[in-house]
Amino acid sequence: MSTLKWLVVTATGVLLVAGCEQKKRDAGGGSAGASGSAGSAAASTGGATPGVTATEIKIGQTIPYSGPASAYAVIGKADVAYFKRVNAKGGINGRKVTLISLDDGYSPPKAVELTRQLVENDGVAFIFNSLGTANNSATQRYLNDKKIPQLFVATGADKWGNPSKFPWTMGWQPSYRQEAKIYARYLLKEKPAAKICILYQNDDFGKDYLAGLKEGFGDQYDKLVTKTESYETSDPTVDSQIISLHDAGCDTFINAATPKFAASAIRKIGDIGWKPLHLMSNVSASVTAVIKPAGPDKAIGIITGAYIKDASDPAVANDPDLADYRAWIKEYAPELDPSDTNAVYGYGVSMTLAKVLTQCGNDLSRENIMKQAANLTHFAIPVAPPGIEINTSPTDYWPFSQMRLARFTGEHFELFGDVINAD
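Residues numbered from 1 in each chain as written. Predicted model: local features only at pLDDT ≥ 70, side-chain atom pairs only at ≥ 80, totals over all residues. Heavy atoms only, no water.

Draft legend 1. Examining the overall build of the protein more closely. Scanning the protein for helices and strands turns up 14 helices and 13 strands. Residues classed as buried in the protein amount to 59% of the 423 residues present. Split by element, the accessible area of the protein, about 15500 Å² in all, is 49% carbon and sulfur. (Helix = DSSP H or I, 4+ residues; strand = E, 2+ residues; numbered from the N terminus. Buried < 20%, exposed > 50% of the residue type's maximum accessible area, 1.4 Å probe, protein only. Areas by Shrake-Rupley, 256 points an atom, 1.4 Å probe, with all protein chains shown as cover.)

Draft legend 2. Structural context of the environment of Ile 420. Here Ile 420 shows up in strand S13 (residues 413-421). For the pair formed by Ile 420 and Ile 182, sequence separation is 238 residues and the distance between their alpha carbons is 7.2 Å. Residues in contact with Ile 420, not counting those within four places in the same chain, are Ile 182, Ser 401, Gln 402, Met 403 and Leu 405. (Contact = heavy atoms within 4.5 Å.)

Draft legend 3. Structural detail: helix H8 (residues 239-247). Turning to H8, its buried residues number three or more, namely Gln 241, Ile 242 and Leu 245. End-on, the buried residues of H8 take up no more than an arc of 100°, which puts them together on one face. Turned more than 90 degrees away from the buried face of H8 sit Ser 240 and Asp 247, all of them exposed. Its buried side turned inward, H8 meets strand S7 (196-201), strand S8 (225-231), strand S9 (252-256) and helix H9 (259-271). Remark: Gly 249 follows H8 within two positions and exhibits a positive phi of approximately 80°. (Arc of directions from axis to C-beta.)

Draft legend 4. The arrangement of the packing of helix H2 (residues 73-88) against helix H13 (residues 341-360) in detail. Interhelical geometry of H2 versus H13 gives an angle of 45° and a closest axis separation of 8 Å. Regarding the angle of H2 to H13, the classification is oblique. Between H2 and H13 lies a crossing of right-handed hand. Residues Val 74, Ile 75, Ala 78, Asp 79, Tyr 82, Phe 83 and Arg 85 of H2 pack against Asn 342, Ala 343, Tyr 345, Gly 346, Tyr 347, Val 349, Ser 350, Met 351, Leu 353 and Ala 354 of H13. (Axes fitted to C-alpha atoms, helices over the stretch in contact; angles between N-to-C directions. Parallel < 35°, antiparallel > 145°, perpendicular 65-115°, else oblique. Left-handed = near helix turned anticlockwise from the far one by under 90°.)

Draft legend 5. Highlighting the nonpolar core. In this structure, Phe 126, Phe 152, Trp 172 and Tyr 325 are the most contacted members of the largest nonpolar core, which totals 136 residues. If you tally residues by element for this core, the top one is H13, at 11 residues. (Core = buried A, V, L, I, M, F, W, Y, C linked by side-chain atoms within 4.5 Å.)

Draft legend 6. A look at the pairing of strand S11 (residues 303-306). Because side chains alternate across S11, one face comprises the buried residues Ile 303 and Gly 305, and the other comprises Thr 304 and Ala 306, equally buried. Pairing of S11 with strand S12 (residues 402-408), which is carried by 4 bridges, proceeds in the antiparallel orientation. Each bridged residue has a counterpart across the sheet, and for Thr 304 the counterpart in S12 is Ala 406. (Pairing = 2+ DSSP bridges.)

Draft legend 7. Local environment of the pairing of strand S4 (residues 96-103). With 7 of 8 residues buried, S4 lies mostly within the body of the structure. As judged from the 8 bridges shared by strand S3 (residues 56-63) and S4, these two strands associate in the parallel manner. Paired with Ile 63 across the two strands is Asp 103, which belongs to S4. Crossover S3 to S4 through H2 is right-handed. (Right-handed = clockwise from strand over helix to strand, strands pointing away.)

Draft legend 8. Up close: the pattern of salt bridges. Evaluation of the coordinates by the stated rule reveals 12 salt bridges. Salt-bridge contacts for Glu 215 lead to Arg 177; the nearest nitrogen and oxygen are separated by 3.2 Å. Taken together, the residues Glu 215 in helix H6 (residues 204-217) and Arg 177 in helix H5 (residues 176-190) connect sequence positions 38 residues apart. A salt bridge links Lys 309 to Asp 321; its shortest N-O distance comes to 3.9 Å. Taken together, the residues span a long stretch of sequence, with Lys 309 in the loop between S11 and helix H12 (320-332) and Asp 321 in helix H12 at a distance of 12 residues. Overall, Lys 309 belongs to the buried group, its relative accessible area being 7%. (Salt bridge = Lys/Arg side-chain N within 4 Å of Asp/Glu carboxyl O.)

Draft legend 9. Region of the structure containing the side chain of Thr 62. When you line up the elements, Thr 62 lands in strand S3. Judged by its relative accessible area of 2%, Thr 62 is buried. Reaching out from Thr 62, the side chain makes a polar contact with the side chain of Asp 104 at a distance of 2.7 Å. Not counting residues within four places of it along the chain, the set of residues in contact with Thr 62 comprises Leu 102, Asp 104, Ala 111, Leu 114, Thr 115, Leu 118, Ser 130 and Leu 131. (Polar contact = N/O pair within 3.5 Å; in protein donor to acceptor, adjacent residues only side chain to side chain.)

Draft legend 10. Structural view of the side chain of Thr 169. By the secondary structure assignment, Thr 169 is in the loop between strand S6 (150-151) and H5. Side chain to side chain, Thr 169 and Gln 150 meet in a polar contact 2.6 Å long. Aside from chain neighbours lying at most four places away, what touches Thr 169 is Gln 140, Asn 144, Gln 150, Trp 160, Met 370 and Tyr 397.

Draft legend 11. Focus on H5. With 15 residues, H5 extends 21 Å between its outermost C-alpha atoms, agreeing within 8% with the 21 Å of an ideal straight helix rising 1.5 Å per residue. Counting buried residues in H5 gives 11 out of 15 residues, a clear majority hidden from the surface. The complete set of buried residues in H5 reads Tyr 176, Arg 177, Gln 178, Glu 179, Ala 180, Lys 181, Ile 182, Tyr 183, Ala 184, Tyr 186 and Leu 187. (Expected span 1.5 Å × (residues − 1).)

This is how it looks when you write it as structure tokens:
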């Protein structure tokens, strides 16, 4: 059996990073294994919901703690830390939440293996906030066939908002297609004669951006877009793609990349002295994980879409809505940088799940969990900019469909303009 790296001990279990095999350990508040208590779950929920007892709700996720998207490890750590505080305050409706978070290395086959383990061996009630378009795509059919909620996936691929085909899968952040439409609308208004180049990840994540740009630009797409370049997650850098785009004579660059490659693009653009109008995917708008490694001086002027606040922005230094966030991270996740957008994201998405579970009351059947997730109305989380709310319905599986634009000043992303509704 391989040796495991134990990252974080939660109030009721252990956050694991998966090796070839996993060994689970009880940390004193509930079992991390699958054995237990279908009987007590039946008594309190009206049916035997795996992972649910009179005192516990056990859930699981896979996150890239290693590999090319390891910058997102902060999200998993923040999720665990959020429920550590929830548990310290008595849990949700008397139940503590055990979150088993495993390292999939951003590998779809590994995500499948570990998701099956969470369901079939660990007996989780549902999967929460697993990260990555390809990884969630690889597990979506399995979870939907078994009628297991795949809630608030950490990816904005358009497929997560398709309740007629995948009723057990729900996104959280605005979809990549919606975000790209917002960028297209901005460019049509502010730079209608732009010569645009696009860098995108060669999977559903990147292709959704292209689809959204085509929708947003309409019949102007072929006139405006001069060149596109894709990259694979196995590529060491995107240097050659950036040189190719620069040589195409573009004055506008759309960076639809994940953190490692977004940082690589920013660095190379600065190195070759290219100065396009630069729009970057929100998933890479982290000062900690992207801007600082690339060089803040090379990122000045970058524009992104925002649906959560940039905690590094001096304008929110005294924001009372962020006081609770800062207190939480200081006590329960002191190893995380409070200005890291990924930590803000983890706090916000975990708060949304806590709202859903609270609405469930004592009916924690998988059916009711999905019903309540699709019944969020005007839910304003404190880490979202004013005017941006969470709304869902049985036909609307996108909690967020609004954004504001933000520009990097050299130190932080500064909001500008009005709230834009992608729909």
